[in-house]
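Here is what each chain is made of, one letter per residue.
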Protein chains: 2
Amino acid sequence: MAQIVECIPNFSEGRDPAVIEALAHTARRVPGVTLLDYSADVNHNRSVFTLIGDPLGIAEAAFQLCKTASETIDMTRQSGEHPRMGACDVIPFVPIKGITMDACVAISKSVARRIYDELGIPIFLYERSAIRPECENLANVRRGEFEGMPEKLQHPNWSPDFGTPHIHPTAGVTAVGARPPLVAFNINLNTDNLDIAKAIAKAIRGSSGGYQYCKAIGILLEDRNIAQVSMNLVNHEATPIYRVFEAVRFEAARWGVQIIGSELIGLAPAKALIDCAEYYLKLEHFDYNRQILENHLLE
Amino acid sequence: MAQIVECIPNFSEGRDPAVIEALAHTARRVPGVTLLDYSADVNHNRSVFTLIGDPLGIAEAAFQLCKTASETIDMTRQSGEHPRMGACDVIPFVPIKGITMDACVAISKSVARRIYDELGIPIFLYERSAIRPECENLANVRRGEFEGMPEKLQHPNWSPDFGTPHIHPTAGVTAVGARPPLVAFNINLNTDNLDIAKAIAKAIRGSSGGYQYCKAIGILLEDRNIAQVSMNLVNHEATPIYRVFEAVRFEAARWGVQIIGSELIGLAPAKALIDCAEYYLKLEHFDYNRQILENHLLE
């Protein structure tokens, strides 16, 4: 069975089409890899690429993309709403088919080493690749952002996993790691009260006592004048979509507010949504691997 | 892109393991075809096989299975609860990937012709392959069953589409056709009153004024002492699972009865369940083809 790895590198450039196209061009010319999707956000000044490929191809693509980013993005001139610490800010690897998480950890470490060896960009290993607990959470690693990294790297706790404790002058620092698939899922509310969305986000996110694998913030969608609970579900098997959906529903009811819609950002595994159908339809004895036709087509 | 066709032949033997294994052996030795699943029902005295393959392979497998069935099943000695007219009772072809319904109709006709030419079994073309309206519905074609077929075939309206109007003495008559994927879906109720399940089935099935692509009957699950609405959704895009689920819910409420569970029989396309998640999660701007990871892996 073919081994398939997903890679979703994030770059600190969401405004200059020439840079974004240069990255897309780099991704497309690596054999054994398919660029599935890429999107740029002007406000965030950030772009997210989604690639799949075999282990060798995906490792090569990740390195080449980091190289192109380091040649085209100057972090000393970059600003945007999204927290960031490097031109190629973060490179996650996700096991998709025929490959273990451990194998993806190994891929992440080989790419991390090569990035430092050939490009001189210091690396933190994060999520499942982390070799110390404080680096598991990307938000911890990135705290201080690009501008704070020169000082942060001098602290004994924050010496990079690959490289000397000095940032690359224009490309900063990159986080590399393996992780399970992440589902980016937002829920829209029939209120323009941002405080309600923030209160709901606080109630459901793991860091403040909610669902362990749910990260959530409240934001206002200015064009629609509605509040939104914006989430990353970093382990959709342990914290499924329907569970946070129902939790948002009952937290919102406390304020007399209803859910008017939701949105899935980027790609999600079929199982993340089929688990929701299984819940709402009260399916008995359902066997995802056996009963979904496409699972046989992939074999 | 590889072309993939599903074939789900039904055989009038659900009791003799030697016959069922002979059929499985036949299916497994055809190149270009994978036997995904097969199950036999003793009460129905019927077995259902699920295969996928390329057009040439699936056509060969369908013919070879019909041949094995005609050599091992004697309809003059067969009885069971399920209506049937032939040893190989029905052979549906379903377009799965990279192939049109019209191409599956062409496959069905080539297999039908070969079955008559080489095995002497008369054929009715049904569903999308039907060349006259009265043959579109399999239940119409099969009415009279094996015992009634010699007389039925003499009627000018029921001359077979391939072959002379005489049944094969032991293998009877076979229906062959192309159709969309079918979802077999049952809903369990917290009542032992069969009449309620029958009333709900009548309310939701197309033939009595309900959803056009829903076939439904009420049955009693004797081992659990609960009533069930048992359905075939013959076009899950036009009549989605969640819609009949919600219809059963509100019809049952009329009787003070609730849904306690449901079950999916055999295989279903991922989209049939993801459409349900899209409904219950109120997803906005969801793009099934683009946003489900596995759809890219199949390309």
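Residues numbered from 1 in each chain as written. Chains lettered and ligands numbered in written order. Predicted model: local features only at pLDDT ≥ 70, side-chain atom pairs only at ≥ 80, totals over all residues. Heavy atoms only, no water.

### Some details on the overall build of chain A
Tallying secondary structure elements over chain A gives 10 helices and 11 strands in all. Scaling as 2.2 N^0.38, a compact globule of 299 residues should have a C-alpha radius of gyration of about 19 Å, and chain A matches this with 20 Å. Each of the three principal axes of chain A carries a C-alpha extent, and together these read 55 × 45 × 40 Å. Buried residues in chain A amount to 57% of all 299 residues. (Helix = DSSP H or I, 4+ residues; strand = E, 2+ residues; numbered from the N terminus. Rg over C-alpha atoms; globule rule 2.2 N^0.38 Å. Buried < 20%, exposed > 50% of the residue type's maximum accessible area, 1.4 Å probe, protein only.)

### Observations concerning the pattern of salt bridges
Tallied over the full model, the rule gives 28 salt bridges over all chains. Ionic pairing is found between B:D89 and B:R46, a salt bridge with its closest N-O pair at 3.1 Å. Of this pair, B:D89 sits in strand β5 (residues 88-97) while B:R46 sits in strand β4 (residues 46-53), and the two are 43 residues apart along the sequence. Exposure class is identical for B:D89 and B:R46. Each is buried. One salt bridge connects B:R142 with B:D89, and the closest N-O pair in it is separated by 2.6 Å. In this pair, B:R142 sits in helix α4 (residues 138-142) while B:D89 sits in strand β5, placing the two residues 53 residues apart along the sequence. Across this residue pair, the class does not change: B:R142 and B:D89 are buried. Counted as one network, the salt bridges with shared partners bring together A:R46, A:D89 and A:R142. (Salt bridge = Lys/Arg side-chain N within 4 Å of Asp/Glu carboxyl O.)

### Quick word on the interface of chain B and chain A
In this assembly, 43 residues from chain B lie in contact with 43 residues from chain A. With both sides pooled, the region where chain B packs onto chain A buries about 4,000 Å², and carbon together with sulfur makes up 67% of that total. Of all residues in chain B, B:L281, B:E284 and B:L293 bury the most surface against chain A, accounting for 17% of the area lost on that side. Residues A:R290 and B:D37 are paired through a salt bridge, measuring 3.6 Å at the closest nitrogen-oxygen approach. Counting every contact that joins chain B to chain A gives 21 residue pairs in polar contact (both at pLDDT 80 or more). Where the side of chain B that touches chain A is concerned, the elements lending two or more residues are β1 (4-7), β3 (33-41), β8 (183-189), α7 (241-253), β11 (259-265), α8 (270-280), α9 (288-291) and α10 (293-297) of chain B. For the side of chain B that touches chain A, the element with the highest residue contribution is β11(B), accounting for 7 residues. In the side of chain B that touches chain A, the residues fall into 29 nonpolar, 6 polar and 8 charged. (Contact = heavy atoms within 4.5 Å. Buried area = accessible area lost by both parts, 1.4 Å probe. Polar contact = N/O pair within 3.5 Å; in protein donor to acceptor, adjacent residues only side chain to side chain. Nonpolar A, V, L, I, M, F, W, Y, C, P; charged D, E, K, R; others polar.)

### Details of the relation of the copies chain B and chain A
Superposition record for chain B on chain A: RMSD 0.2 Å, screw rotation 180°, translation along axis 0.0 Å. The superposition operator between the copies reduces to a two-fold rotation axis. Within chain B, B:A277 has its C-alpha nearest the rotation axis, a separation of 2.4 Å. The fraction of interface residues of chain B whose copies in chain A are also interface residues reaches 100%, indicating that both copies meet through the same surface. (Least-squares fit on C-alpha atoms with pLDDT ≥ 70 in both.)

### Brief notes about the packing of aromatic side chains
Residue and element names in this part refer to chain A. Applying the stated criterion across every chain, the model contains 13 aromatic pairs over all chains. Taking 4.9 Å as the distance between ring centres and 20° as the angle between the ring planes, the aromatic pair formed by Y38 and F49 counts as stacked. Of the two residues, Y38 sits in strand β3 (residues 33-41) while F49 sits in strand β4 (residues 46-53), which places them 11 residues apart along the sequence. Seen from their ring centres, F124 and W158 are 5.8 Å apart, and the 75° between their planes marks the pair as edge-to-face. Residue F124 is found in strand β6 (residues 123-125), and its partner W158 is found in the loop between α5 (145-152) and β7 (174-178); the two are separated by 34 residues along the sequence. Here F124 matches W158 in class, with each residue buried. Seen from the ring of F63, R114 lies directly overhead, with NZ or CZ sitting 3.7 Å from the centre. (Phe/Tyr/Trp six-rings, centres within 6.5 Å; stacked < 30°, edge-to-face > 60°. Lys NZ or Arg CZ within 6 Å of the ring centre and 35° of its normal.)

### Remarks on empty space enclosed by the protein
Taken as a whole and assessed by the stated rule, the structure comprises 1 cavity of 30 Å³ or more. Counted as a void, the largest cavity has a volume near 50 Å³. Surrounding the largest cavity, A:A270, A:Y288, A:I292, A:E294, A:N295, B:A270, B:Y288, B:I292, B:E294 and B:N295 form its lining. Elements with a minimum of two residues in the lining of the largest cavity: α10 (293-297) of chain A together with α10 of chain B. Across the lining of the largest cavity, the residue classes tally to 6 nonpolar, 2 polar and 2 charged. (1 Å grid on protein atoms, 1.4 Å probe; cavity = no way out; pocket = protein on both sides within 12 Å on 5 of 7 lines; lining within 4 Å. Points joined across faces, edges and corners; volume = space filled by probe spheres on them.)

### A look at the sheet that holds strand β9 (residues 214-221) of chain A
All names here are of chain A. Spatially, β9-β10-β8-β11 is the arrangement adopted by the 4 strands of the open sheet, whose pairing is antiparallel. With one partner strand each, in any of the chains shown, β9 and β11 (259-265) form the two edges of the open sheet. Within this sheet the neighbouring strands show an average axis-to-axis angle of 20°, counted without direction. Sheet topology note: the β9/strand β10 (residues 226-233) ladder contains 8 bridges and is antiparallel. Note that in β10 the partner of K215 across the bridge is N232. Across the sheet, helix α6 (residues 194-204) lies against β8 (183-189), β9 and β10, angled at about 175° from β9, the strand it touches most. (Pairing = 2+ DSSP bridges. Axes fitted to C-alpha atoms, helices over the stretch in contact; angles between N-to-C directions.)

### A look at a negative patch on the surface
A surface patch of negative charge is lined by A:D41, A:E81, A:E222 and A:D223. Looking at the secondary structure, you find A:E222 in the loop between β9 and β10. (Patch = residues over 30% accessible without salt bridge, like charges linked within 9 Å, V, L, I, M, F, W, Y side chains within 5 Å. Areas by Shrake-Rupley, 256 points an atom, 1.4 Å probe, with all protein chains shown as cover. Lys, Arg positive; Asp, Glu negative; His and termini not counted. Charge placed at Lys NZ, Arg CZ, Asp CG, Glu CD.)

### Brief notes about the sheet that holds strand β9 (residues 214-221) of chain B
Sheets are built from strands that pair by backbone hydrogen bonding, the pairs being arranged parallel or antiparallel. Residues and elements named next belong to chain B. Read across the sheet, 4 strands follow the order β9-β10-β8-β11 without closing on themselves; strand pairing throughout is antiparallel. Of all strands in the sheet, those with a lone pairing partner are β9 and β11, marking the two edges. Direction aside, neighbouring strands of the sheet carry axes that sit 20° apart on average. Two elements, β8 and β11, share 6 bridges in a ladder whose sense is antiparallel. Along β11, the bridge assignment pairs A184 with I265. Those strands touched by α7 are β8, β9, β10 (226-233) and β11, and its axis lies near 25° from that of β8.

### A closer look at the environment of A:F63
All names here are of chain A. Positionally, F63 belongs in helix α2 (residues 55-72). Spatially, the C-alpha atom of F63 lies 10.0 Å from that of C88, the residues being 25 residues apart in sequence. Not counting the four nearest positions on each side in its chain, F63 is found in contact with V111, R114, I115, E118 and L119.

### Observations regarding the pairing of β4(A)
Residue and element names in this part refer to chain A. With 7 of 8 residues buried, β4 is to be regarded as a mostly interior element. Of the strand pairs in this sheet, strand β1 (residues 4-7) and β4 are connected by 3 bridges, and their pairing is antiparallel. Paired with C7 across the bridge in β4 is L51. In this sheet, β4 lies alongside β3 in antiparallel orientation, the contact comprising 8 bridges. Following the sheet pairing, V33 is matched in β4 by G53. Remark: 4 residues form the turn of the hairpin made by β3 and β4, two consecutive strands paired antiparallel; N45 in that turn has positive phi of roughly 50°.

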